[in-house]
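Here is how the chains run, residue by residue.
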Number of protein chains: 2
Amino acid sequence: MKTILLICDGMADRSCKLLGGATPLEIARAKSFDTIAEKGECGIMDPIAPGVIPGSDTSHLAIFGYNPYEYYSGRGAYEALGAGIALKKGDVAFRCNFATVNDDDIIIDRRAGRISGEDAKELAKALNEIDLSSFTDAKVEFYHTVEHRGVLVLRGKNLSPYVSDIDIHKTGVRIPDAKPIKNTEEAKRTAEILNEYISRARVILEDHEINIKRKSKGLLPANIILPRGAGILPKVKSFKEKYGLKAVAIAGGTLYKGIAKALGFDIIEVEGATGTVNTNLDGKMEATIKALDKYDFVFLHIKGCDSASHDKNIKLKISMIRRIGAAFEYVLKNVDIDQTYLIITSDHTTPVEIGEHRGDPVPITIYGPDVRTDSVKYFDEKSCAKGGLNRIRGLDIMPIITNYMGISKIFGE
Amino acid sequence: MKTILLICDGMADRSCKLLGGATPLEIARAKSFDTIAEKGECGIMDPIAPGVIPGSDTSHLAIFGYNPYEYYSGRGAYEALGAGIALKKGDVAFRCNFATVNDDDIIIDRRAGRISGEDAKELAKALNEIDLSSFTDAKVEFYHTVEHRGVLVLRGKNLSPYVSDIDIHKTGVRIPDAKPIKNTEEAKRTAEILNEYISRARVILEDHEINIKRKSKGLLPANIILPRGAGILPKVKSFKEKYGLKAVAIAGGTLYKGIAKALGFDIIEVEGATGTVNTNLDGKMEATIKALDKYDFVFLHIKGCDSASHDKNIKLKISMIRRIGAAFEYVLKNVDIDQTYLIITSDHTTPVEIGEHRGDPVPITIYGPDVRTDSVKYFDEKSCAKGGLNRIRGLDIMPIITNYMGISKIFGE
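### Remarks on the overall build of chain A
Argument step 1. Within chain A one finds 15 helices and 14 strands.
Argument step 2. In terms of overall size, chain A behaves like a compact globule, its C-alpha atoms giving a radius of gyration of 22 Å where 413 residues would be expected to give roughly 22 Å.
Argument step 3. Along the first, second and third principal axes, the C-alpha atoms of chain A reach 65 × 50 × 35 Å.
Argument step 4. Counting every position in chain A, which comprises 413 residues, the buried fraction comes to 59%.
Argument step 5. In the form shown here, chain A has an accessible surface area of approximately 16,900 Å², with 48% of it arising from carbon and sulfur atoms.
Argument step 6. Of note, chain A has its 57 positive side-chain charges centred 1 Å away from the centre of its 56 negative side-chain charges.

### Quick notes on the relation of the copies chain B and chain A
Argument step 1. When chain B is fitted to chain A, the residual RMSD is 0.2 Å, and the transformation amounts to a turn of 125° plus an axial shift of 0.2 Å. Here the transformation between the copies is reduced to the relation of a three-fold axis. Minimal C-alpha separation from the rotation axis in chain B is found for Asn390 of chain B, amounting to 3.6 Å.
Argument step 2. Comparing interface residues between copies, only 9% of those in chain B also lie at the interface in chain A; the contact surfaces differ.

### Here's the deal with the environment of Glu209 of chain B
Argument step 1. Take Glu209 of chain B: it is sitting in helix H8 (residues 209–216).
Argument step 2. For the pair Glu209 of chain B and Val101 of chain B, spaced 108 residues apart in sequence, the C-alpha to C-alpha distance is 17 Å.

### Some remarks on the pairing of strand E7 (residues 149–155) of chain A
Residue and element names in this part refer to chain A.
Argument step 1. For E7, the buried fraction is high: six of the seven residues fall into the buried class.
Argument step 2. Two strands pair when backbone bridges link them, and strand E6 (residues 139–144) and E7 are joined in this way by six bridges, in the antiparallel orientation. Across the sheet, Tyr143 pairs through a bridge with Val151, a residue of E7.
Argument step 3. Between the end of E6 and the start of E7, which pair antiparallel, lie four residues, with Glu147 showing a positive phi angle near 50°.

### Considerations on the sheet that holds strand E2 (residues 41–46) of chain B
Residues and elements named next belong to chain B.
Argument step 1. Taken together, the eight strands give an open sheet; going across it, the order is E9-E8-E10-E1-E11-E12-E2-E13, and neighbouring strands pair in mixed fashion. Each end of this open sheet is capped by a strand with a single partner; those strands are strand E9 (266–267) and strand E13 (390–393).
Argument step 2. Summarising the sheet, strand E8 (residues 247–250) and E9 pair through two bridges and their orientation is parallel. Each bridged residue has a counterpart across the sheet, and for Val248 the counterpart in E9 is Asp266.
Argument step 3. On top of the sheet, helix H3 (residues 56–63) reaches strand E1 (2–8), E2 and strand E10 (297–302); it is set at about 160° to E1, its chief contact.

### Overview of the interface of chain B and chain A
Argument step 1. With 23 residues of chain B in contact, the opposing surface of chain A contributes 37 residues.
Argument step 2. Approximately 2,300 Å² of surface area, both sides summed, lies buried where chain B meets chain A, with 47% of it carried by carbon and sulfur atoms.
Argument step 3. Summed over the three residues of chain B that lose the most area to chain A, namely Arg372, Phe411 and Glu413 of chain B, the buried surface amounts to 40% of that side.
Argument step 4. The interface formed by chain B and chain A includes three salt bridges.
Argument step 5. For the interface between chain B and chain A, the tally reads 17 residue pairs in polar contact (both at pLDDT 80 or more).

### Observations regarding the side chain of Ser56 of chain B
All names here are of chain B.
Argument step 1. Relative to the helices and strands, Ser56 resides in helix H3.
Argument step 2. Overall, Ser56 belongs to the buried group, its relative accessible area being 5%.
Argument step 3. A distance of 3.2 Å separates polar atoms of two side chains, one belonging to Ser56 and the other to Tyr256.
Argument step 4. Ignoring any residue separated from it by four or fewer positions in sequence, one finds Ser56 in contact with Asp9, Leu255, Tyr256, Ile259, Lys303, Asp347, His348 and His357.

Parameters at a glance
Residues numbered from 1 in each chain as written. Chains lettered and ligands numbered in written order. Predicted model: local features only at pLDDT ≥ 70, side-chain atom pairs only at ≥ 80, totals over all residues. Heavy atoms only, no water. Helix = DSSP H or I, 4+ residues; strand = E, 2+ residues; numbered from the N terminus. Rg over C-alpha atoms; globule rule 2.2 N^0.38 Å. Buried < 20%, exposed > 50% of the residue type's maximum accessible area, 1.4 Å probe, protein only. Areas by Shrake-Rupley, 256 points an atom, 1.4 Å probe, with all protein chains shown as cover. Lys, Arg positive; Asp, Glu negative; His and termini not counted. Charge placed at Lys NZ, Arg CZ, Asp CG, Glu CD. Least-squares fit on C-alpha atoms with pLDDT ≥ 70 in both. Contact = heavy atoms within 4.5 Å. Pairing = 2+ DSSP bridges. Axes fitted to C-alpha atoms, helices over the stretch in contact; angles between N-to-C directions. Buried area = accessible area lost by both parts, 1.4 Å probe. Salt bridge = Lys/Arg side-chain N within 4 Å of Asp/Glu carboxyl O. Polar contact = N/O pair within 3.5 Å; in protein donor to acceptor, adjacent residues only side chain to side chain.

So this is what it looks like as C-alpha cells:
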C-alpha cells in the first residue's frame, strides 16, 4: 500500500463576507477534490489543537506525527535544510529577508521592494566577506535562496537558538536588537554576535554598488538583512525509522523541503515548482505519480493558496484552488486506487479576508481501499464537518494512515 | 472583538421518559437559542472529558481554560470568595449547611427544613463566639450566606485542605468525623480542629433560643453545621494575564462569583439576581449588554435549570429554559453582532429524571463574525451533535474563542 498526501497550504478559510458567507473552497468546487470527498471519508482536523493557530512548520511536523511541542526547534533550521545547507549539530540558522531601512534605521520595506534574485545573490557575496574573527570565534555564513529570501547560519561552540527575531513582521519601526530570550551565556553570546553582524551588514549593504544602482533606478535598496526564526537541527527519529515508509517530498517552498529533509524524506525537484501561485502544477502531479514507483509515501505540497490568502486576494485563491483541482485530475486518473490512499487536506486556515493564519480546523478527506464512506459529497470546510472522520488532530493522521496501510502494530493482544 | 458567554447551569439533559424521549431543550424550543444555533456553528462539548461527571466548579474552571486536574483547589475557596470573604494564603475554607440531627446525632435534614436566612444569621453569631484558643492557635470564622448556606474558614499556620467532608450528602447517617485524606501532620491537625469545632457547635446550637423557638413552632432545629469541600485559595494566572481580556461575571450564585473572582474577573451585582429560579433575568440581560461598554468578556451565569433538575421538576426546567430564552432576546436585539461573539452552553448535564449531575456532553453554539455556519437549526442536545464544531471539550472553548477574537498567538511560523 502507498499513500499520497496532498497539503494545500492555507487553503482552508472562514465564511467570507465577499462570498456571501461561503468559503473559497465552496465557491471553487474543485471537481477532483469533490470526487475524492464523495468516494472517501471526510472530516475536519485541528492541525495542533482546537483554536491553536499553527505555523506551517509546526502543522507539518504534527501531520507527519512529530508532536511540535516536543520537536519544534525553530523555522531557521528547516529553511537551511530546505536550501540545501549542510546544517550541523550546534549550528544556529535563521530565515532572513533582504529589507530596506531609511537613514534613521526605520524599516521601510520587509522585502526590499521584492528585490530580484540576481541583485540579492550579488549582495549575498558581499555579506560573506564580513570578517568577525576579531569579535568572535563563531563563523557566520549567509546563503541567498529565492528572491528577497536567505538563510544565515552561525557555526561554532556555545551558540543558542534562544534569541529574539530581528524581523518582527513590522515596518515603521527601528531595527530591533536581537535579545537573549533565555537567561544563558550562550543566548547572550548569540545575540551579541547577531547584532554585531547586522550592524556590519548594514554598512556594507548601504554602499554596495547594487544598491547605488537600485536607488538610481528608483528601486528600494536592500540595505539590511532581517533574521528571524532561530533554529537548530531537530533531534528526531527519521520517518523511515518511525513508520518503515520510504518517503519523498515534492514541494517548491524551501521550508517544506527543509521539514521533509529533517525527517529524512528524499526530495524530488520539479522544474518550475516555485512555491508560488505560478508553480508548475502539472509537473508536480506527474512527479507524484512517478514517485509511487520508488516510494511508499509521497508528500505533495502546494503553497499558492496560502500566498493568495496572505495577499488577501480572494479571486486568486479561488482560481488557485480550481487550478490545483484540475491538475490533480491527473493523479486521480493515473493512480492505482486499489493500492493507494489519497489524503487531501490543508496545514492551517488562512482566512483570505484577514490575511493571516488562524486556528480554525481544516477539511480533510481520505480515499482508498476499504475506507468507510460517509454521506459527504463535497470537499469544503462545512461539508467535511459532517463526515465520518468527525474532528481529528494533525497528530492523528499518521496513525490513521498507517492503520489503513496495514503496517501498524497492535497495542495489547 | 467582544464575547458574551452564557452558561445555563445544568440545562443539558437526557432523553426523558416523561417527555416521550425528548429532552427539556427539545420541548422548550427557546427561540433566541434556536436563532443563534441556526446562524452560528454548533457542537457538543464534554466539559471535562467524555463521561466524566463535572462539578459546577471544575466545569467552569475548564471552560475558562484552567485545567481542573491542575488548578482545582476545592469548592470551599470559591464559596468563600463568592461570599466576599477575604481569603488569604494558608486559609482553608468549607462550604457549610445548617442541618438537623436527632438526639442520636443522626442527620435528619441536610438543610434544617430550609431554615430562613434570618434564623441562620442569628445562629451564625453564636457560632462566632466559640473560643478554640485553649485547643488550637488556629482561628475559626463562620459566615452565613444565603438561606441554609454558610462558609467556614480556618485561619492559621500548618492547615490543610486534605480533610474529608462532614456533609456526605446523605441523611439517616450519624454525623461523620472529618478525617485526614493525606497522611500529613497538617491534614491530621485540620481534621482535629474541625471535629472539635463541630462538637462545640453542636452543643451551642442545640440550646440556642432560635432553635428552641423553631422546635416550639414545629420547625426542624438547625442544631449542626455540616462542612464540605475544603478548599484553599487557588494559585492561578489571572484571566487578564492569560488572555489579555477584561472580564466580568454576572451571576447570582456564590460559587460562580467565587470562581470568577479567583480568576480575577470583576463582578457586576444585579438587583434580584438570586441564583434561583426566581432570579431577575431581564436585569441580568440588561447588565450584560451594558457590561460590553467596559469589558471584553462577559460571563453570564444562570442557575435555575440546574436547581429545577436537582428538584426533579421537569415542568419548572422547561419553563425556566423558555424564560431564559425569552429574556435573551434582549441581548440578541441589542448586541453589535459584527463586534461580538455569542456562546451559549451548559456547564454539565443534570438529567431532571435523575436529579444529579451526569457526564453526558452538553450542546454548544457559537455565533459571530466569519463563523462557519452549519446546517443545525435548533439548540438542543441532539441537533447540536450534528453541528460543525463536532465534539469539543471545555478546555477547547477559550482557544477557540480567542482565535475568533483575533488575539491568539501563532505557534511556529
